[in-house]
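Now for the letters of each chain:
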Protein chains: 2
Amino acid sequence: MGEVPDIVIGRLPIYLRALKHLMAADKEFTSSQELGRILGIGSAQIRKDLSHFGEFGKQGTGYEISYLSDQISKILNVDRDWSVALVGFGDLGQALAHYAGFASKGFHIDIIFDNDPAKLGESAKGTPVLDVSQIGPIIAERKIRIAIIAVPASAAQAVAEQLVDSGIRAILSYAPITLKLPEYVRVQYIDPVTHLQRMTYYLA
Amino acid sequence: MGEVPDIVIGRLPIYLRALKHLMAADKEFTSSQELGRILGIGSAQIRKDLSHFGEFGKQGTGYEISYLSDQISKILNVDRDWSVALVGFGDLGQALAHYAGFASKGFHIDIIFDNDPAKLGESAKGTPVLDVSQIGPIIAERKIRIAIIAVPASAAQAVAEQLVDSGIRAILSYAPITLKLPEYVRVQYIDPVTHLQRMTYYLA
DNA sequence: TAGATTGTTAATCGATTAACAATC
DNA sequence: TAGATTGTTAATCGATTAACAATC
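Note that the structure is predicted; figures quoted are calculated from it, not measured.

*Asks:* Explain the overall build of chain A to me, and be specific about the residues and the numbers.
*Replies:* Secondary structure assignment for chain A yields nine helices and 10 strands. A total of 204 residues make up chain A; the buried ones form 48% of that total. If you sum the accessible surface of chain A, you get close to 9,600 Å²; carbon and sulfur atoms cover 52% of it.

Structure follows, in structure tokens:
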């Protein structure tokens, strides 16, 4: 089952988001059709995607929302908490450190690194800010697997390599640069400018 | 030529980013092979993608970096400045308002909206913060086409509809919710939690 | 039972890749 | 000229969609 297309994996968090939303609205059951309507995709795609992992619905009635939500959470390994390291405590890093959405979904920013001596010792919500020289020992000691990079593009590659050497296996990078890392490291990018440039093409 | 796949359009900003990077390093020529190495994709894909728009290279020598960069900028309509409206001036909105990367790429946040009276009149880099009730008149008057949404999920759909009614045609949304909008509106989403959840699947 | 919706198969559609003639 | 690399064609690969038997 390790052969599930990554594009399918990429849709599961979206399904999960919609399910949580329905749960919050006290709905008990849903269908691939309803989910498709909410998400603007085809119902067949949703059923096909889910079929990679098992059978979660019932003919005639659809899916029990809390059950499907639990199952997808398990598949994605988000039925547990994750410790996350944040590198970069500038404007963006500070905003990320304060963002409540991470912890509420089980991603806890437990340690922050920066290379500016003026920022060391500061803390966001009680999370300490350490010097980047501590990346190696701390990440290794705490066995942290996930990191968020919020440093300038010029520093990102070096930081990423350090993180991977220390044991990080998944990186969410806000630096506008494509990282060169071993293939066993998962990387996701967030670059708002890229998204904007993708849309201006369609603005005559 | 309106039939260029959106997935191809989505890669052009990445190509552009790599080209700017090479330019900054004072390189004059590149090849699909070199670009592919930098970006971790195949050279054939790059040539195929570019072929949708014309012929930009020379056999034997490849692409002149500044020329190709200019051409892609024109294709994406980023060879000009764009005025952008930001809605939401909380932690995230403020970080976005301070982010230098937008203006340097031609995206100017010229107006900010929030619904918290305490925040009105504040300003980020001289950009005023107005009440959300002003969205309609101001966006229409200034003919702004692009907006960034940084409000809570619960408010995002209503804000988006207001924006579209006022003339906005491209939205970059940070709200973790799928917006339901007319198909003539381009929408891009940024939800860091979704990206993290997509990676934990692979963390045994 | 009648109606609804699943999971899956097969068909369609589209994107990626390999290969190469053209040519700088 | 010899070497390199383009733009494009054709082949491959993979993802989406339509359709439907199974069944709640």
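Having put the structure on the table, let's press on.
*Asks:* Summarise the relation of the copies chain B and chain A; cite the residues concerned and give the values.
*Replies:* Expressed as a screw transformation, the operator carrying chain B onto chain A has a rotation angle of 180 degrees and an axial translation of 0.0 Å, and the superposed copies differ by an RMSD of 0.0 Å. A rotation of that kind, with that shift, is consistent with a two-fold axis. By C-alpha distance to the rotation axis, the residue of chain B lying nearest is alanine 95 of chain B, at 3.1 Å. Most of the interface of chain B is mirrored in chain A: 100% of its interface residues are interface residues there too.

*Asks:* Tell me about the domain arrangement of chain A, and name the residues and values.
*Replies:* Domain annotation of chain A identifies domain 1 (6–75) and domain 2 (82–195). Relative placement of domain 1 of chain A and domain 2 of chain A: their C-alpha centres are 31 Å apart.

*Asks:* Explain the protein's contact with DNA strand D to me, using residue names and the numbers behind them.
*Replies:* Around DNA strand D lies a shell of 24 residues, among which Lys58 of chain A together with Ser32, Phe56, Gly57 and Tyr63 of chain B are the nearest. The sugar-phosphate share of atoms of DNA strand D within 4 Å of the protein amounts to 65%. In the environment of DNA strand D, a phosphate oxygen lies 2.8 Å from a nitrogen or oxygen atom belonging to the backbone of phenylalanine 56 of chain B. Tyrosine 63 of chain B places a polar side-chain atom, nitrogen or oxygen, 2.8 Å from a phosphate oxygen of DNA strand D. Elements with a contribution of two residues or more to the surface near DNA strand D: helix H1 (6–24) and helix H3 (43–51) of chain A together with helix H3 (43–51), strand E2 (57–58) and strand E3 (62–64) of chain B. By residue class, the composition of the surface near DNA strand D is five nonpolar, 11 polar and eight charged.

*Asks:* So what about the packing of aromatic side chains? Which residues, and what values?
*Replies:* The relation between two aromatic rings is expressed through the spacing of the ring centres and the mutual angle of the planes. Taken as a whole, this structure holds four aromatic pairs over all chains when the rule is applied. Between tyrosine 99 of chain A and phenylalanine 102 of chain A the ring centres are 5.2 Å apart and the planes differ by 85 degrees, which places this aromatic pair in the edge-to-face class. The class for tyrosine 99 of chain A is partly exposed, based on a relative accessible area of 32%. For phenylalanine 102 of chain A, a relative accessible area of 1% gives the class buried. Geometrically, the ring pair formed by tyrosine 201 of chain B and tyrosine 202 of chain B is edge-to-face, given 4.9 Å between the ring centres and 90 degrees between the ring planes. What makes tyrosine 201 of chain B buried here is its relative accessible area of 16%. Lying over the aromatic face of tryptophan 82 of chain B, arginine 80 of chain B brings its terminal NZ or CZ to 3.4 Å of the ring centre.

*Asks:* Can you lay out the protein's contact with DNA strand C for me, pointing to particular residues and giving the numbers?
*Replies:* Taken together, the neighbourhood of DNA strand C is formed by 24 residues, with Ser32, Phe56, Gly57 and Tyr63 of chain A together with Lys58 of chain B sitting nearest. In DNA strand C, atoms within 4 Å of the protein come from the sugar-phosphate backbone in 66% of cases. Within the backbone of glycine 60 of chain A, a nitrogen or oxygen atom sits 3.0 Å from a sugar or linking oxygen of DNA strand C. At the level of secondary structure, the elements contributing two or more residues to the surface near DNA strand C comprise H3, strand E2 (57–58) and strand E3 (62–64) of chain A together with helix H1 (6–24) and H3 of chain B. At four residues, the largest contribution of residues to the surface near DNA strand C is made by H3 of chain B. Grouping the amino acids of the surface near DNA strand C by side-chain chemistry returns five nonpolar, 11 polar and eight charged.

Rules used throughout
- Residues numbered from 1 in each chain as written.
- Chains lettered and ligands numbered in written order.
- Predicted model: local features only at pLDDT ≥ 70, side-chain atom pairs only at ≥ 80, totals over all residues.
- Heavy atoms only, no water.
- Helix = DSSP H or I, 4+ residues; strand = E, 2+ residues; numbered from the N terminus.
- Buried < 20%, exposed > 50% of the residue type's maximum accessible area, 1.4 Å probe, protein only.
- Areas by Shrake-Rupley, 256 points an atom, 1.4 Å probe, with all protein chains shown as cover.
- Least-squares fit on C-alpha atoms with pLDDT ≥ 70 in both.
- Contact = heavy atoms within 4.5 Å.
- Domains from an automatic or database assignment.
- Near = heavy atom within 4 Å.
- Polar contact = N/O pair within 3.5 Å; in protein donor to acceptor, adjacent residues only side chain to side chain.
- Nonpolar A, V, L, I, M, F, W, Y, C, P; charged D, E, K, R; others polar.
- Phe/Tyr/Trp six-rings, centres within 6.5 Å; stacked < 30°, edge-to-face > 60°.
- Lys NZ or Arg CZ within 6 Å of the ring centre and 35° of its normal.

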